[in-house]
Amino acid sequence: KGRIVHSTVNACLFPVLAADGCHVTTIEGVGSWRKQYAGLTCDGSDATVSASSKEDHLHPIQRAMIDFHGSQCGYCTPGIIMALYGLFSSNDNSAEDGGGTKVAHLEEHLDGNLCRCTGYRPIWDAARSLCVDGAKVADMEDSGPTGPCGTPCRDCPERELCEMDCNVSDKDEEKKCGDGGGVVCSSTQSKVQDYQSVLASKYDEAWWTQADDMFPKELLPRQLENEDDLVNDKQQLQQQQPLMVVDNSIHNDGTWFQPRTLEELLDLFREFSISDGDNNNGGIKMVVGNTEVGIETKFKHAVFPRLIHPSPSIHTLYEIFCTDSHFVVGACSSLSDLQKLCHDYMVATVPAGPSAQSSSRQLTRTAQPMHDMLRWFASTQIRNVACLGGNLATASPISDMNPLLASLNATLVLTSRPSPDGALSRRHIPVSDFFVGYRKVQKTEMEVIERVDIPLLASRLEYCMPFKQARRREDDISIVTAGMRIKLAPNEDNTCWLIEDVGIAFGGMAPKTVLAKSTMTALLGKAFEEATFANARNVLQKEFAMPDDVPGGQSQYRLTLACSFLHQFWLYTAKELQRDVADMTEESTRECPPVPTIESTEDCEGFVGAPKPRIGGVQSYPAPKVAMGLEAKHLGHIDAGSKKEVPLAAAAAASNKSKQSQSKDSVGQPSTHASGPLHCTGEAAYADDIPAPPNTLHGSLILASKCHARLTSIDIAPALGVPGVVGAFTHKDIMKLGGDNQMGPIKLDDVAFLPLGDKVDFVGQVLGIVVGVSQEIAEKGARAVAVEYEELKGKAIVSIEEAIEAQSFWTDCIHEMRRGGNAEEILDQPTEITEVTVDGKKKKMVIVEGSMRSGGQEHFYLEPNSTLAIPSESATQLTIYASTQAPTKTQDFCARVTNTPAAKVVVRMKRMGGGFGGKETRSVFASVAAAVAAKMTNRPCRLTLNRDVDMMITGGRHAFLAKYKAGAIVDDEDKDEDGSRSVKLHALDVKLYNNGGCKFDLTGPVLDRALFHVDNCYLWPNFHSVGTPCKTSQPPHTAFRGFGGPQGMVVTEHIMDHLALACGISGDKLRRDNMYTLDDATPFGMRFGGEFTGKWHVPTMWDRLYTELDVPARRAAADEFNKKNKWTKRGVGFIPTKFGIAFTAKFMNQGGALVHLYTDGTVLVSHGGTEMGQGLHTKVCQVAAQAFNIPLDDVFVDDSSTDKVANTLPSAASMSTDLYGMATLDACQQILKRLQPIRNSLGPDATLKEIAKAAFFDRVDLSAHGFFAIDNDRCGYDWGKDAPEGYPSNLPENSWKGHPFNYFTQGVALAEVEINVLTGDHKTISADVLVDVGSSINPTIDIGQIEGAFIQGMGWSTIEEVVYADNDHTWIRPRAKVFTTGPGTYKIPAFNDVPEKFNIALLEDADNPFAVHSSKAIGEPPFFLGCSVFFAIKDAVASTRKEGLSKNNTAHNNSDEYFEFRMPATSERIRMACGDTISSECITASAGELAPFQPKGSF
């Protein structure tokens, strides 16, 4: 159409040769942070930006992402910006004709990018601020609460007069926001309008047409007047020629063809598809989007000697059009083009005239199901290049489109050219007959799918609906997918509707896409009524019965989904039939048969055709201030005026304030991330971005392919025979170096490379490393290494239950905690309700017993483990650039294994693309392997793990099993005003087990923290807990955000639900009535309040949210909704948290910093912490800038390096700002103290630059090393220590063992969800989070940490499921292998999964005297609050069970009774816990009987 088309693609999949004739734009071409360069000129040329220039040197998208705090670690940011860039480039924002990118476009577009840090909300805000209707949409959302009158408060004409509580409180909130003193609102109309005004003043409209303006003129089609011009136009001629590229390098040795005509394409297939005697040509593969072939070559190591990419000039392959009877879709046309065409038909204006209107209805009805399915097909980037023909040819059994096409009676046109000068041969085959087996189709080697013909549906009485259920809605392959079509007609006497035709096809129910022929037969010709579909459902259950160990697992759930889809199709068709009959009755006098009646409670549409959610929310925090905290005690002096302790740094800075030198406060300000601009321009350097020195080698690990076997031989000769391989190194090479092969953060029970003769402990254990001239060559060499094993007797222990049975424990790390009476004896009662004596009175005690399981979690940091090891001085020194949270630990083991003195090993860490604990210990082995190779070859070696390898061998969060008994005292006489009884917790006996994998790593400390948090916020007078670490054949599991705390707290909340149900009171009341008070102590002896832990806020925070959100009304509204909806249920989850801040190992609570003041007045800080996106460097800079009273931009943190700050501890336990902020302040104080005499001599108006320069000439040291350690009596815990003789009886029990935490970070969260009972799908309607972060050093960074932690916790507890080859998953091989090793099988939350209303608030008046500037640690504590979504889902499921939708309630353990709802709450667990008739039938069909059912899981 004469316009440039902008398509975003996946750089990792799209072949560069397929970009022939295209202009490629990457993040580097969008904008730059380099001030001397403006990468944003319209024509792409270099330009200098002057200080007075109106334009910024960043693109508006980049600027918005920075200003809205849209990046944390920054690794995903370039990809997200490019996705937005493609969208905005396709919709001219400078247009004044109603064009431009709208919020609706945005909501459909961000489905191909993931972020692990931010929680997505700030990215949504940044993107929406750029939309032409961003302010309008924000205004629609910014209408405040809706009162009983039904009118949004802010839209009410009587707002100023109304005195309803909702209106009064909302006016107060609006006033706070308007005053600007403490509330920051996301995406409000005023904020978006203000920001858009700023952008308009800073950028002219040319920025929005940049992509078009940069497009090379050489690639534009030329208007030629005659053929002679064409002959003379070399460029035009070249573009019309077929392309052939031959790769003779050592990497691929393949040929790429790009034919320009259909005949050329078919000739290539004829030539290379036929074997000539013994000479096999090796075959040929057609590539369009490379979305399947790219996966096969990358992960299955497939080799295709010839690849064909058809040119778009082959029109029959790329065109899409409609005839009177069919949709005709070229096999190579992109799915995005098909989706857009379908959308255009759906929104087209209905023409005049009955015939035209009928034709329009046909197009719309046929287009709608295809459009709806394509919206959820993969991602925008995939749909932009993937094609329907490729989807059909790959014959995936879980394809989304193939079942839909089969149900629509679509036909394929297969084309070939049997002879070079012959005619084309075309044959037609129904899609339903095309698939003959797993990944097998009815297509000869010479044939090409030319097009797909899709019959149009009738304008009336024919209906089609697509179905899909996946682990995650966006960008995920289906568990089960289906297309269902039905055609109805009146019976002869016009008394009912008959099923005239039907098409039902499934994916995910067999090794191929299949028609449900028996089910179709059961429907065909029958009356259209519920009984017919119920009978068909029974037929379906028999037709698709699957064995329990079917590949892919989930047999009961998959069958339930298929049956649920059928029921949903019945409901949909009945509703559509009602509409058709109403229209037909209106159009003619002909009477129609009666339409089956569907109760309003039965309505259930599913997500496939529903609009994608609109994400918004409010973030509020107290007015910024500079508060004094621990520095007043540690670094202070007595102020002469106030007689109070004041930090010397603060005092010196204050004395320096004058008209000339006064600087804005840095501490407390919502400053953007220090690396934000670099994140958003792609200029931030990560480990794999470090420029490779000359002669750099690339490494690939040699990994064990099985476990529970003995390693008998490793033959590296085949690897050394691969061209380009330089070396292969194993355990014997470490011995040659004189190195120590032993490794481990606590126990030295791990090895760098497994020695011959040792037992292989887990699948993927490192056996050695191969290095070559490229990563591809190294990987090829590693695959060539021949490894032999000796099988051991028995089988590998994989699960916690198997470890318990085998007594496979680290027995020396089993820890126990007791408080009060003997909990075991108290709870050892013959009945669940018993009488006990409490305080001399007889009371009734309710006892519950059960178990709770929580699964593991993959860190899924966006940047996989990466190391560059550079030897120097004849390999006597090593410089290690690593993505690690533990530079010193990396230094220690690289030195140890390579036999190099630690002083000659320097580890440097600039920034990580996420860590979350996964790079605290489990990054070290990769750096060690690279160091060994570098040492052996005396050449630099780079080792960057592929995503699948990283996920296979690095471990993750520990799975937990809890077995508990708990008792509560019920006082029927002591009742509240509402008549609810008083219930007090009395005794808890809980046994915790965690799956540590095969090496100890940090398993013991993780379990200890779980024991420290299993009380959560509640007082158990009689308490007993035991933690047992289990040893299995899984990879070593390690630290993960929360470090065991969430696993402990989730057990507590599960028990609270169990007790509330047994005692007949609400869970909210039980929780609130049993929260700690200032008079209480934890089971480990820590008291609350004052000098013990600071302010205890959880009860008041709970009360605040309970009142402000009107939790009783929320629950009542959910109950009312549930009464009116049978297949859609809502639930509310409300939980608190307290998270202990400190390393429980006392020695780790220390940190150092090195501060340099330069003579230009700028400051360089180096400290022992590492930056992984949490904003540590930014906060440290704020602390230093505040101390010196200089602008924040004048302070810089370069990298974390062991030659600057030595003997550091890992950045973990949320402790980094506490440690390094104080250490930095200590160093600043030392310098300020030295400067004080010079400051005094120069006078109050002297700048820091002047003072520093004078000090330098006066020979004053302008550098200082700062150090901080938590007070000895505020950290550490000795599990085995007995009470000293004469220990004061008035002190809490166990307090003699230590004080494990410096203080608690506290919070509460309420979430509301909606589940689909028929599918198990869920969405989070809202989440409100209130957190005590002390006096925040940077509130926006803290809010970002809260949001990111919440979404990560939500993911752990809902969709993130780690699966191993264990007894529950026998279809995976070999045993103990992790199955979820990439984004294809492991799902983290996506943009679409964020709570639709996501409100975050920081508590005011929450100063914390135990940390720098009165702040609090924030990285880990909010993680558990994400589990509020899990408990809301559980509440919704409980509502379904309470209604007893199944006819077999007792057998299915239905009704208002306790049930163990295991974590994570996947769609399978949600669906199968509901206990309705359909799921009960499918469980019976699978097991032969109905019994309590738990979906399988890896624990």
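Keep in mind the model is a prediction, meaning the values are calculated, not measured. (Residues numbered from 1 in each chain as written. Predicted model: local features only at pLDDT ≥ 70, side-chain atom pairs only at ≥ 80, totals over all residues. Heavy atoms only, no water.)

### Things to note about helix 2 (residues 77-90)
Here helix 2 contains 14 residues, and its C-alpha end-to-end distance of 20 Å stays within 8% of the 20 Å for a straight helix at 1.5 Å per residue. Burial within helix 2 is extensive, with 12 of its 14 residues counted as buried. Here helix 2 has its buried residues at Thr77, Pro78, Ile80, Ile81, Met82, Ala83, Leu84, Tyr85, Gly86, Leu87, Phe88 and Ser89. Where the residues of helix 2 are buried, they touch helix 1 (60-67), helix 3 (103-109), helix 4 (121-129), helix 8 (210-214), helix 16 (380-383) and helix 25 (676-681). (Helix = DSSP H or I, 4+ residues; strand = E, 2+ residues; numbered from the N terminus. Expected span 1.5 Å × (residues − 1). Buried < 20%, exposed > 50% of the residue type's maximum accessible area, 1.4 Å probe, protein only. Contact = heavy atoms within 4.5 Å.)

### A few points about the sheet that holds strand 21 (residues 709-715)
Within the open sheet, the 3 strands sit side by side as 25-21-27. Their pairing is antiparallel. Across the chains shown, the open sheet's two edge strands, defined by having one partner strand only, are strand 25 (759-760) and strand 27 (786-791). With 2 bridges joining them, strand 21 and strand 25 adopt antiparallel strand pairing. In the strand pairing of strand 25, arginine 710 is matched with lysine 759. (Pairing = 2+ DSSP bridges.)

### Some words on the pattern of salt bridges
All told, the structure shown has 79 salt bridges when counted by the stated rule. Among the ionic pairs, aspartate 733 bridges to lysine 736, the shortest N-O distance being 3.6 Å. Residue aspartate 733 and its partner lysine 736 are located together in helix 27 (residues 731-737), separated by 3 residues, close to a single helical turn. Since its relative accessible area comes to 61%, lysine 736 is described here as exposed. The partner of arginine 1115 in a salt bridge is aspartate 1435, with the nearest N and O atoms 3.7 Å apart. Here arginine 1115 is found in helix 39 (residues 1111-1124), whereas its partner aspartate 1435 is found in helix 44 (residues 1428-1443), with 320 residues between them in sequence. (Salt bridge = Lys/Arg side-chain N within 4 Å of Asp/Glu carboxyl O.)

### Description of helix 11 (residues 262-273)
With 12 residues, helix 11 ought to run about 16 Å at 1.5 Å a step, and its terminal C-alpha atoms sit 16 Å apart, in line with that. Taken as a whole, helix 11 has its buried residues at Leu262, Leu265, Leu266, Leu268, Phe269, Arg270, Phe272 and Ser273.

### A few points about the side chain of glutamate 450
Its location among the elements puts glutamate 450 in strand 12 (residues 448-455). Side-chain polar atoms of glutamate 450 contact the side chain of threonine 316, separated by 3.2 Å. With sequence-adjacent residues up to four places away left out, glutamate 450 is seen in contact with Leu262, Thr316, Leu317, Gly330, Ala331, Val413, Thr415 and Arg426. (Polar contact = N/O pair within 3.5 Å; in protein donor to acceptor, adjacent residues only side chain to side chain.)

### Comments concerning the packing of aromatic side chains
The full count for this structure, using the stated rule, is 41 aromatic pairs. Look at phenylalanine 257 and phenylalanine 272: their rings are 5.8 Å apart centre to centre, the planes differ by 35 degrees, and that puts the pair in the tilted class. Here phenylalanine 272 lies in helix 11 and phenylalanine 257 lies in strand 3 (residues 255-258), a separation of 15 residues in the sequence. Residue phenylalanine 272 is classed as buried on the basis of its relative accessible area, which comes to 13%. On the basis of an interplanar angle of 20 degrees and a centroid distance of 5.4 Å, the ring pair of phenylalanine 1430 and phenylalanine 1461 is categorised as stacked. Residue phenylalanine 1430 is found in helix 44, and its partner phenylalanine 1461 is found in the loop between helix 44 and helix 45 (1467-1473); the two are separated by 31 residues along the sequence. Taken as a pair, phenylalanine 1430 and phenylalanine 1461 share a single burial class, namely buried. An aromatic cluster of at least three residues, connected via ring pairs, comprises Phe1012, Tyr1076, Phe1084, Phe1088, Trp1096, Tyr1277, Trp1279, Phe1301 and Phe1304. (Phe/Tyr/Trp six-rings, centres within 6.5 Å; stacked < 30°, edge-to-face > 60°.)

### Let's talk about the confidence of the model for the protein chain
Low pLDDT marks stretches whose predicted atomic positions should not be read closely. Predicted confidence across the protein chain gives a mean pLDDT of 91, with 91% of residues reaching 70 or more. Per-residue pLDDT stays below 50 along residues 36-55; that stretch engages in 42 contacts with residues further than four places along the chain or on separate chains. With pLDDT under 50 throughout, residues 276-280 is counted as low confidence; its partners more than four residues away or in other chains account for 1 contact. (pLDDT = per-residue confidence, 0-100.)

### Let's talk about the sheet that holds strand 29 (residues 833-838)
The strand order across the open sheet built from 6 strands is 28-37-36-35-30-29, with neighbouring strands paired in mixed fashion. Bordering the open sheet on either side are strand 28 (815-819) and strand 29, each of which pairs with just one other strand. Averaged over neighbouring strand pairs, the angle between their axes works out to 20 degrees when direction is ignored. Relative to strand 37 (residues 1022-1030), strand 36 (residues 981-995) runs parallel, the two sharing 9 bridges. Following the sheet pairing, leucine 992 is matched in strand 37 by glycine 1027. (Axes fitted to C-alpha atoms, helices over the stretch in contact; angles between N-to-C directions.)

### Quick word on unusual backbone geometry
The linkage connecting arginine 1373 with the following residue, proline 1374, adopts the cis geometry, with an omega of -5 degrees. The topology assignment puts proline 1374 in the loop between helix 43 (1339-1357) and strand 46 (1397-1402). The omega angle of the peptide bond from methionine 1463 to proline 1464 is 10 degrees, so this bond is cis rather than trans. Locating proline 1464 in the fold gives a position in the loop between helix 44 and helix 45. With a phi close to 70 degrees, asparagine 695 is a non-glycine residue in the positive phi region. Mapped onto the secondary structure, asparagine 695 falls in the loop between helix 25 and strand 20 (697-703). Look at aspartate 1110: it is not a glycine, yet its phi comes out positive at around 50 degrees. On the accessibility criterion, aspartate 1110 (40% relative accessible area) is partly exposed.

### Description of the nonpolar core
Buried together is how nonpolar side chains tend to be arranged in soluble globular proteins. Within the largest apolar cluster, 327 residues are counted, with the highest numbers of intra-cluster contacts made by Phe506, Phe528, Trp1020 and Phe1188. The next biggest cluster of nonpolar side chains, apart from the first, holds 40 residues, and it includes Leu335, Ala367, Met401 and Val452. (Core = buried A, V, L, I, M, F, W, Y, C linked by side-chain atoms within 4.5 Å.)

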